[in-house]
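Chain by chain, the residues:
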Amino acid sequence: MKILFVSAEVYPFAKRGGLADVVGSLPKILAEYGHDVRVVMPAYRSVEDAYQSGKWSITATDVRLSVPIENTTVESGVFESVIPGSEVPVYFIAKGDLLGRPEIYGYDDDAYRFSYFSRAALQLAVEALDWRPDVVHAHDWHTAPTVTWLATAGTADDRYKNIPTLFTIHNLAHQGKTDWHIFDYLQIYSHSLEEEPYGRVNFMARAIYHASKVNTVSPTYAQEITTRQGGADLDGLLRYRKSDLSGILNGLDYDVWNAAIDGKLEQNYTADTLHLRAANKAALQRMVGLPERSDVPVISMISRLDWQKGLDLMGEVVHRLLEGQAGEAQFVLLGSGEAEYEEMFAQFVRRFPDKASATLAYRADLAPLIYAGSDMFLMPSLFEPCGLGQLISMRYGCIPIVRATGGLADTVWDAQTGFVFDGYDSGAFWHAVQRAMYTYNTDPDYWQTMVRQAMQQDFSWYRSARDYERLYQEMAG
Ligand code: ADP
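Cut-offs and rules
- Residues numbered from 1 in each chain as written.
- Predicted model: local features only at pLDDT ≥ 70, side-chain atom pairs only at ≥ 80, totals over all residues.
- Heavy atoms only, no water.
- Axes fitted to C-alpha atoms, helices over the stretch in contact; angles between N-to-C directions.
- Helix = DSSP H or I, 4+ residues; strand = E, 2+ residues; numbered from the N terminus.
- Parallel < 35°, antiparallel > 145°, perpendicular 65-115°, else oblique.
- Contact = heavy atoms within 4.5 Å.
- Nonpolar A, V, L, I, M, F, W, Y, C, P; charged D, E, K, R; others polar.
- Pairing = 2+ DSSP bridges.
- Salt bridge = Lys/Arg side-chain N within 4 Å of Asp/Glu carboxyl O.
- Buried < 20%, exposed > 50% of the residue type's maximum accessible area, 1.4 Å probe, protein only.
- Right-handed = clockwise from strand over helix to strand, strands pointing away.
- Domains from an automatic or database assignment.
- Buried area = accessible area lost by both parts, 1.4 Å probe.

**Overview of the packing of helix 11 (residues 311-322) against helix 12 (residues 339-351)**
Between two packed helices, the angle of one axis relative to the other and the distance separating the axes together describe the packing.
Here is step 1: Where helix 11 meets helix 12, the axes come as close as 11 Å, and the angle between the chain directions of the two elements is 5 degrees. Considered as vectors, helix 11 and helix 12 are oriented roughly parallel to each other. Of the residues in helix 12, those touching helix 11 at L311, D312, M314, G315, V318, H319 and L322 are Y341, M344, F345, F348 and R351.
Here is step 2: Class assignment of the residues belonging to the contact of helix 11 with helix 12 gives a composition of eight nonpolar, two polar and two charged.

And the structure:
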């Protein structure tokens, strides 16, 4: 099948969150399964710079796009490369003033930037490359206009008619709400949805309404978003599409996340050579300036510091932990984000300097050593569409302590591969931490069994890619 991925983020070219990991991994596996997959993303400033410096083997093409916008046409160029480690082509829409900016998102005109990008991506495939996809797979609100355009204005053009669309929701919290004028911009004539206040358009709602099928990144999250509590005001629409809505767990890129070969570790290891793992714990303790002790568990968190991640529960629990209420422990944080949470962790470090460390930055170089060197990993999320942190920590033999929401509920088995709690409150979270600490301190043999079980879970893309393949096949008939 010919499958066109359209996304604002693709690892390693541009990444903010899990979206990049999905679009950087899934196409590689689909290609291994024999599909003709192509990926389109914007040429941000970092991509233009990489082209100049020769990084990622990005080359210029002679393709010129001429995209109909309002009453005129707007031109752009196209760069080309492949997803590293594969032959999957990646095309970059190069439109300097609009897309070639230092940041991926965060501009007042983001709705226009991504509308242009979405429309250009379709033109590139269907017209410039003369490659009509069997399915267009769009991700999150940024590329929702591909779905809406194909289902409305696109139906008038035979070249675009009847191309099925899959819309994947990676995070329902960001919907892309903008003014009605966007439809003039895209030359779309369409009626409003109930979810849209007068004069406004909701990109994500439109794509949910128009896509041939909709999915999200775990079965539990797919169910949660149809409820009033978890639906971010789109639950009614999602219930309306329920027969076309499914959940497919994200996989981990096992080429990237593999403790046996990860070059960022002090010592590589596998489930069969667990004793080697201790060298990473010692290296981590040295690296973050904590006493080098093998007898004390290291409990870590690596996360965007965003309310969604359960940070309101962290204050009380980390405090009790550092006071030693469940036995001695060290705490290691890697994260950046909202100032109040950064300050909270900085305070813990001031108060408990020989037990707590906080690296308030995004440090891809440090994360692997934390996963490999700590014993437990905290993820008390309020909601979590899929979550990669718990998958990586299990793969690296670090036991996750998670709230039973979204993908966390679908991937961590209580007292077997991790510790799970239900209610969103500090008491329930603390109880789970206590259970973990008790097991760690009183039953080291069972702890080792859990670690091995966690490491042996299969969260590679191979299974999930088959589920996507089935969806594409159903859609393409
Ligand atoms: P989200 O996509 O909502 O941020 P996920 O758990 O799906 O959450 O993915 C988070 C990914 O980002 C994980 O791979 C995690 O290791 C990584 N990460 C988060 N914060 C940092 C940080 N400060 N430094 C390095 N890696 C981080």
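Structure shown, so let's carry the discussion forward.
**Things to note about the sheet that holds strand 4 (residues 72-82)**
Here is step 1: Taking strand neighbours across the sheet as the criterion, the nine strands line up as 3-4-5-2-1-6-7-10-11 in an open arrangement whose pairing is mixed. Of all the strands in the sheet, the pair left with one neighbour each is strand 3 (59-69) and strand 11 (245-247). Averaged over all pairs of adjacent strands, the angle between strand axes in this sheet comes to 25 degrees, irrespective of strand direction.
Here is step 2: Note that strand 4 and strand 5 (residues 89-94) share six bridges and pair antiparallel. For S81, the partnering residue across the bridge sits in strand 5 and is V90.
Here is step 3: Helix 1 (residues 18-32) rests against strand 1 (2-6), strand 2 (36-42) and strand 6 (135-139) of the sheet, and its axis sits at about 160 degrees to strand 2.

**Some points on the pattern of salt bridges**
Note on pairing: side chains with opposite charge can pair once their charged atoms come close.
Here is step 1: One pass over the full model with this rule turns up 28 salt bridges.
Here is step 2: One salt bridge in this structure joins D295 and R293, with 2.8 Å as the shortest N-O distance.
Here is step 3: Residue classification places R293 among the partly exposed residues on the basis of a relative accessible area of 28%.
Here is step 4: Note that E343 and R350 form a salt bridge whose closest N and O atoms lie 2.8 Å from each other.
Here is step 5: Overall, E343 belongs to the partly exposed group, its relative accessible area being 36%.
Here is step 6: Judged by its relative accessible area of 55%, R350 falls in the exposed class.

**Some remarks on helix 5 (residues 144-151)**
Here is step 1: Of all eight residues making up helix 5, seven are buried, and the element is well covered by its neighbours.
Here is step 2: Among the residues of helix 5, those classed as buried are A144, P145, T146, V147, T148, W149 and L150.
Here is step 3: Buried residues in helix 5 make contact with strand 1, helix 4 (110-128), strand 6, strand 7 (165-169), helix 6 (181-185) and helix 7 (203-210).

**Quick look at the pairing of strand 1**
Here is step 1: The buried fraction of strand 1 is high, at four of five residues.
Here is step 2: Of the pairings in the sheet, the one linking strand 1 to strand 2 comprises five bridges and is parallel in character. Of the residues in strand 2, the one forming a bridge with F5 is V39.
Here is step 3: In this view, the connection linking strand 1 to its parallel neighbour strand 2 by way of helix 1 has right-handed handedness.
Here is step 4: Pairing of strand 1 with strand 6 involves four bridges; the strand directions are parallel.

**Digging into the domain arrangement of the protein chain**
Here is step 1: Per the domain assignment, the segments of the protein chain are domain 1 (2-251 + 462-476) and domain 2 (274-458).
Here is step 2: Using only C-alpha atoms to locate each centre, domain 1 and domain 2 end up separated by 34 Å.
Here is step 3: Here domain 1 and domain 2 share an interface that buries about 1100 Å² over both sides, 57% of which is from carbon and sulfur atoms.
Here is step 4: Per-residue buried area on domain 1 facing domain 2 is highest for T220, Y221 and L249; these three make up 30% of the total on that side.
Here is step 5: Linking domain 1 to domain 2 there are zero salt bridges.
Here is step 6: Looking at the side of domain 1 that touches domain 2, the elements that each hand over two or more residues are helix 1 and helix 8 (219-224).
Here is step 7: Examining the composition of the side of domain 1 that touches domain 2, we find that four residues originate from one element, helix 8, more than from any other.
Here is step 8: Residue composition of the side of domain 1 that touches domain 2, by class: five nonpolar, seven polar and four charged.

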